[in-house]
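Overview (structure and organization)
Below are the chains, spelled out letter by letter.
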Amino acid sequence: DATGNIYVGHESGNSIVAKYAQTLPLKLLSFTAQKENNNVLLNWQTANEVNVSHINIQRSSNGTVFTTVGKVGAKCCEYSYVDNSLPFMVYGSVVYYRLEMVDKDGSKTYSEVRTIELRGTNYEVRLFPNPAKDFVTIECKDAKEILIVDYLGKTIKQYTNTSQPQTINTKQFAKGVYIVKAMMSNGEIKTEKLVVE
């Protein structure tokens, strides 16, 4: 009935009542996302973690369609996850994260959405024009090496003389999306998306 009791029978006109414990839903105490170089660090804390199977980490580039990018088993109650698999199509834009908490019976609940702006104010890789048709000029201060990487992760061009802007003939490239990686003198790696039309 509405009180959470199950009536399982009666004896001499008196009801025999079996009580059952209702499981409280998992409670999310906190959920944060922060940028760490080219990765995103997610931290969260939970309570009432009963009958929880696992937690899926989900990411979106538009805030509407989410894809699971990681999974952690329920262990209560503090979690940390590093997303180091950011796809090239999201660099320089906002990325959305949420947690999908899955119970052992398959039911799911979702966290609030957290957003990360991947391009910081000190982002120093400049590509122009971009999209590029015939050529592109790459400019990056303090880079010791610049790589152009295709969508399979293969390096197709490498430049070490980076003190001056590099103008590259893009007619030699197939149409598509590439990543320009600038290996900085301080050990950082800065990236930017290049579209070749």
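Structural notes, computed from the coordinates. None of these values were measured; they are calculated from a predicted model.

A few words now on the side chain of Asp150. Structurally, the position occupied by Asp150 is in the loop between strand 13 (143-149) and strand 14 (155-159). Here Asp150 occupies a buried position and makes no salt bridge, while the nearest side chain of opposite charge, Lys154, is found at 5.8 Å. A polar contact is formed between the side chain of Asp150 and the backbone nitrogen of Leu152, at a distance of 3.0 Å. A polar contact of 2.9 Å, which involves the side chain of Asp150, links it to the backbone nitrogen of Lys154. Setting aside residues no more than four positions away along its own chain, Asp150 makes contact with Ile156 and Tyr178.

Take unusual backbone geometry next. One can expect most non-glycine residues to show negative phi and most peptide bonds to be in trans. That bond from Cys76 to Cys77 is cis: its omega, 10°, falls within 30 degrees of zero. Note that Cys77 resides in the loop between strand 6 (67-73) and strand 7 (78-83). Cis peptide bonds are those with omega within 30 degrees of zero, and the linkage from Phe128 to Pro129 qualifies with -10°. Along the chain, Pro129 falls in the loop between strand 11 (125-128) and strand 12 (135-140). Positioned with a positive phi, Asn51 is a non-glycine residue whose angle comes to about 65°. Residue position: Asn51 is located in the loop between strand 4 (39-47) and strand 5 (52-60). Asn51 gets classed as partly exposed once you look at its relative accessible area, which sits at 39%. Notably, Cys76 is not glycine yet its phi reads approximately 55°, a positive angle. Residue classification places Cys76 among the partly exposed residues on the basis of a relative accessible area of 40%.

Cut-off values and rules
- Sequence order as written defines residue numbering, which begins from 1 separately in each chain.
- Only residues with pLDDT of at least 70 get local features here, since the model is predicted, and only at 80 or more are side-chain atom pairs given and counted; chain-wide, interface and lining totals rely on the full set of residues.
- Note that the side-chain values use all heavy atoms of the structure and ignore hydrogens as well as water.
- Helical segments are the DSSP runs of H or I of at least four residues, strand segments are the runs of E of at least two, and each set is numbered from the N terminus.
- Only protein chains enter the accessibility calculation, which uses a 1.4 Å probe. A residue is then buried if its area is under 20% of the maximum for its type, exposed if over 50%, and partly exposed in between.
- Lys and Arg are tallied as positive, Asp and Glu as negative. Neither His nor the chain termini are counted.
- Salt bridge, as used here, is a side-chain nitrogen of Lys or Arg placed within 4 Å of a carboxyl oxygen of Asp or Glu.
- Pairing of N or O atoms within 3.5 Å defines a polar contact, subject to two protein rules: one partner must be a possible hydrogen donor and the other a possible acceptor, and residues neighboring in sequence count only if both atoms are side-chain atoms.
- It only takes one pair of heavy atoms within 4.5 Å for two residues to be counted as in contact.

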